[in-house]
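# Survey of secondary and tertiary structure
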Amino acid sequence: MAVLTGKDDQGTGGGAWAQLPIGIYPATLKQYTSAPSAFEPDKERFEFQYELDDETDDAGNPIVMRYWANAVLSPRSTLAAMIEAHGFEWSIGQPFDVDDMIGGKVRLMTGRK
């Protein structure tokens, strides 16, 4: 389970998810993108986009929550925890295809910073 405290596209800490009560919500990973890390441009990071399965905004659109993880796979990495939350196993030195996570169902806990 991931604890999300993300921000909307403007970085203001809002978005439709910010109106949800703190709690646990079923969600589906719809897509991810990769880009250089904002803090370490020579390193890659992933932005995962989850849709909450049973929640919509006031206009009836799915609520999207984003979560970021560095493209580092180690026992204490965020990416490893996300892979495990999706029900997959991984091993040091073995490749893992992040595409396998797309469509995966998880439970996300919302929170506030």
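I will try to describe carefully the structure that is included in this document. (Residues numbered from 1 in each chain as written. Predicted model: local features only at pLDDT ≥ 70, side-chain atom pairs only at ≥ 80, totals over all residues. Heavy atoms only, no water.)

This brings us to the pairing of strand E2 (residues 24-36). Pairing between E2 and strand E5 (residues 105-110): five bridges, direction antiparallel. Residue pairing in the sheet places Ala 27 in a bridge with Val 106 of E5. Sheet analysis places E2 next to strand E3 (residues 44-56), joined by nine bridges and oriented antiparallel. When the sheet's bridge partners are listed, Ala 35 is paired in E3 with Arg 45. (Pairing = 2+ DSSP bridges. Helix = DSSP H or I, 4+ residues; strand = E, 2+ residues; numbered from the N terminus.)

The next thing to look at is the layout of surface pockets. Taken as a whole, the largest pocket encloses approximately 260 Å³ of empty space. Lining the largest pocket are Ser 37, Ala 38, Phe 39, Glu 40, Arg 45, Trp 68, Ala 69, Asn 70, Val 72, Ser 77 and Thr 78. Per-element tally for the lining of the largest pocket: the top contributor is strand E4 (residues 62-70), with three residues. (1 Å grid on protein atoms, 1.4 Å probe; cavity = no way out; pocket = protein on both sides within 12 Å on 5 of 7 lines; lining within 4 Å. Points joined across faces, edges and corners; volume = space filled by probe spheres on them.)

Before going further, it helps to spend a moment on the pairing of E4. Every second residue of E4 is oriented toward a common face, the buried set being Ile 63, Met 65, Tyr 67 and Ala 69 and the non-buried set Pro 62, Val 64, Arg 66, Trp 68 and Asn 70. The sheet contact formed by E3 and E4 spans eight bridges and is antiparallel. In the strand pairing of E4, Arg 45 is matched with Asn 70. With antiparallel pairing between neighbouring strands as the criterion, E3 and E4 make up a hairpin whose turn holds five residues, including Gly 60 at a positive phi of roughly 85°. (Buried < 20%, exposed > 50% of the residue type's maximum accessible area, 1.4 Å probe, protein only.)

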